[in-house]
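# Examining the three-dimensional arrangement
So you can see what is in the structure, the chains are spelled out below.
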Amino acid sequence: MAETNNKQVVADIDRSLYDFKDVESEKDFYRMAEGLTEETVLKVSEEKNDPEWMRDFRLECLKLYNDIKVPDWGPSIEGLDMDKISSYVRHKSDMKGKWEDVPEDIKNTFERLGIPQAERESLAGVGAQYDSELVYHNVKDEVAAQGVIYTDLESALRGEYADMIKSHFMKLVPPTDHKFAALHGAVWSGGSFVYVPKGVKVDIPLQSYFRLNAAGAGQFEHTLIIVDEGADLHFIEGCSAPKYNVANLHAGCVELYVAKNARLRYSTIENWSKNMYNLNTKRAIVEENGIMEWVSGSFGSHTSYLYPMTILKGDNSKMEFTGITFAGKGQNLDTGAKVVHQGKHTSSVINTKSISKDGGVGTYRSSVIIQKSAKRAKASVSCDSLMLDSISRADTIPGMDIRTNDADVGHEAKIGRISDEAIFYLMSRGISEEDAKAMIVSGFANPVSKELPLEYAVEMNNLIKLEMSGNG
Amino acid sequence: MSNDLNMKVNVLPVLTYNFLHVNDSTLQISDFNISDNKSPLAKELPAGVTVRQAVPFAEAGELFKANNDRILATIDGHVEPNGDTSKRDDSQALRTGMGADVDGLMISMGATVDIYTVDEGVKADKPIVISYDMKDGDASLSGQIIHAKKDSEVTVVIVYTSDKDAKGFQGVSTRLFAEDGARINLIKSQLLGDGFVHFDDIGGACLNDGKIDLVTVELGGCKVFSSAYVNLAEKNTEFTSNMGYLVRGDHNLDINYVADQRGKKTQALMQFKGVLMDTASKTFRGTLDFKKGSSGSVGDEQEDTLLLGEDVVNKTMPVILCQEEDVEGRHGATIGELGEDILFYMQTRGIDEEEAKRIMIKARLDSVARLIPDPEIMQKTLYYIQNIV
């Protein structure tokens, strides 16, 4: 008891922004039976009207899934029973290109999440996925006129970009990578395809928003982005789900190809509900002089395995990863980043913040690999963890493997708490203890929020307030 | 006695990605015919220090079992970190850096240890010096326990030597127990020949106000495991460690250091400075583990590695585990070749690049070697450095 005497007590605040549920009626939704068998995989393939190669690929992935073991180093996923997860749930209506045509119940959901408003005010295009399928996809005319392709992956798979999809799909994240990459390959559905032609700079971001509304379901969207030579794109990914008492699963896959002299910024604010197992895989490959920037905020999920990886293949290619993870009550968030330096004069900067509170387990895990070919490579890693009580955990597990003598690698990590002096200072200026702590935590997260567009930085700060209140 | 044991040692306290191949290492001793299981006796004992020789390994562990309720007191509300491996070594009477497989080896091969006991309140007036002088073809397993009773203080210097070209195997278990207010300074200088497989598996525990200070110089051997696990079991306990190493040729150094911070206001400071040359490889694992209840504790680990061979392989795993709010933990690592500014500075003073490198290697290693309190062994170590550099 003594241990909590001097701790903040903050009243609960409303989480209904994300937790509201729209009941899915059987009449409007198709839901595949729970479990993962060859029959279910073939059924997904049939639903998607897959080309033959994709159907065979799915079956191969299923075999791999059954053969590959669960990792022995991460959080427990014992609570995840694939026999109780439906791999495919979709609304019976098709994807729409006009917002007014989206079914009313789904439209209400996205309206409450502010997606159409964001599209009107600050985005070049939006994709909205509800459960297993895209329900809405639109790109602004002026952006489309530049030759930018932003569409659902299924359409691209059958259209003029079919060959491009085939030559890139799960080549960067092969299904042999790990068990859940194999699962993804077997039952993937939905997601976006983006192609930015040579030299095209998209001034305002594109966004995909993923909502998993069904209980006991999985979402397996695939995002494939190709930024061609000299092109520039900012892509934003958002995710949320209402909370249920049964486990939900997200095993998405993101493959990013950054060509010579191109730049891609990929920002994510992840706020899955706290019954979600988030086993997501993200990977980028960067050619000569290319730049890959990740901005990643992990707030939701019951359990997360998330380590966006960058392969710096081309000479002088660069990567920057800025991330924040907030692990609250009941959460075990194992997050970080991976980078492989292959090209000469490549450079990477990883800067992460982690906050643990109310029994949450936050683990920063990373790997920096500098191959022999990566002459004069530079890597810098900085990870800071903030402990807000002594029932939580904050662990940092960074790994470095350096195989060239002229690399320059720096690493620093710090772990600690909010200083009493800082709180006292703020309180002496009339700020309550709870506000003082929330301010300090927001300040701690500032290096991440300043990398986000204003409206997303505001959302992130709201999420921090929500988590600080103990009601996240 | 021959054997075909392949043991899993230096297991990381928490597992990580398997593709990094740092979660553990394998110690192969099947090539050696272990015939010698005794430790050399210290040349001269300080007043107040006694020794029991050739105590069977398992029997020697009774000392730690008798104090188990203080060394490994149950931590209420402990939450395991992801990938936790701690249960693997639960059988150890005192946790060591290399882990339970080495205890099993010592017992199965009939190894014995010498137990040095420092009487209560005794401040040893000179170091205990233990010299392992290995011959070509030797294969031995041995060890020592240093037991510093309440408010005592002792310095122990262990030196491992052989001819430069000698081959063989030498496994050593060193266990340290600092009771309330006691202080143990352990200095280890490893100057073995290029053909030696060597390990020194160190485990330590400190009770209230106890302190363990470790200085390690690793210069010889073709495959070396250098490991320590120090349990800061109670309040105001301290562990400091300074290691200097040089790995050359195709040799390999495998390090696993853990500071288990359980008591309140504990302090762990670990520094590792080293050089990799030619095609040498090194794996460094360093862990600060702030257990629940270790409020007011501080931990700092720093690694500084100079890479001087085009084909070197350096793996670094600096881990911080934490389940306590009121702590300060830091780790830092700088890995790379000699800085251009230092080289430039040297060159402006007429020193060429090769000579500049030699100076920097020597400076790095000498700074640790000069912490050796026995003048003869310090000189021997400095001479060894001079020769290889």
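A quick note: this is a predicted structure, and the numbers were derived from the prediction, not measured. (Residues numbered from 1 in each chain as written. Chains lettered and ligands numbered in written order. Predicted model: local features only at pLDDT ≥ 70, side-chain atom pairs only at ≥ 80, totals over all residues.)

## Notes on the packing of helix α11 (residues 433-444) of chain A against helix α13 (residues 454-468) of chain A
The description of two helices packed together rests on the angle between their axes and the distance between the axes. Residue and element names in this part refer to chain A. Operational definition: Only the stretch in contact is used when a helix axis is fitted, and all axes are lines through C-alpha atoms; the angle between N-to-C directions ranges over 0 to 180 degrees. Only runs of H or I of at least four residues qualify as helices and only runs of E of at least two qualify as strands under DSSP, and these elements are numbered from the N terminus. Roughly parallel means an angle under 35 degrees; roughly antiparallel, over 145; roughly perpendicular, 65 to 115; everything else is oblique. Note on convention: the crossing is left-handed when the near helix lies turned anticlockwise from the far helix by less than a right angle, right-handed when the turn is clockwise. Contacts here follow a simple rule: the backbone-placed C-beta atoms of the two residues must lie within 7 Å.
Close contact between α11 and α13 brings their axes to 10 Å; oriented N to C, the two are set at 135°. With respect to α13, the element α11 is oriented oblique. The element α11 and its partner α13 pack so that their crossing is right-handed. Judged by residue contacts, K437, A438, V441 and S442 of α11 engage N461, I464, K465 and M468 from α13.

## Looking at the interface of chain B and chain A
The test is simple: Basically, the charged four are Asp, Glu, Lys and Arg, the nonpolar ten are Ala, Val, Leu, Ile, Met, Phe, Trp, Tyr, Cys and Pro, and anything else, Gly included, counts as polar. A pair of strands is considered paired only if DSSP assigns at least 2 bridges between the two.
Each partner contributes to the interface: chain B provides 42 residues, whereas chain A provides 39 residues. Residue assignment for the side of chain B that touches chain A shows that the elements contributing at least two residues are β18 (313-322) and β19 (327-336) of chain B. Taken together, the residues that form the side of chain B that touches chain A break down as 20 nonpolar, 13 polar and nine charged. Of the strand pairs in this sheet, strand β25 (residues 408-416) of chain A and β19 of chain B are connected by eight bridges, and their pairing is antiparallel. Directly across from K414 of chain A, in β19 of chain B, lies its bridge partner R330 of chain B.

## Focus on the nonpolar core
Definition in use: For the purposes of this analysis, a nonpolar core is taken to be any set of buried Ala, Val, Leu, Ile, Met, Phe, Trp, Tyr and Cys residues that are connected through C-beta atoms within 7 Å. Here a residue counts as buried when 20 or more other C-beta atoms fall within 10 Å of its C-beta, as exposed when 12 or fewer do, and as partly exposed in between; the C-beta atoms come from the backbone.
Grouped together as the largest cluster of nonpolar side chains are 255 residues, with contacts concentrated most on V194, V227, V258 and L264 of chain A. Look past the residues within four positions of L264 of chain A in its chain and what remains in contact with it is I225, V227, L233, F235, L256, V258 and M292 of chain A.

## Some remarks on the environment of K338 of chain A
All names here are of chain A. Residue placement: K338 occurs in strand β20 (residues 332-341). Sequence-wise, K338 and L279 are 59 residues apart; in three dimensions their C-alpha atoms are separated by 15 Å. Every residue in contact with K338, bar those within four places of it in the chain, is listed here: Y307, M309, S366 and S367.

## Some remarks on unusual backbone geometry
Residue and element names in this part refer to chain A. In the Ramachandran plot, S301 falls in the positive-phi region, its phi being about 80° despite a non-glycine side chain. As for its position among the elements, S301 is in the loop between β16 (291-298) and β17 (303-306). The exposure class assigned to S301 is buried, which follows from the 29 C-beta atoms found within 10 Å. Although it is not a glycine, H345 adopts a positive phi angle of roughly 55°. Along the polypeptide, H345 turns up in the loop between β20 and β21 (347-356).

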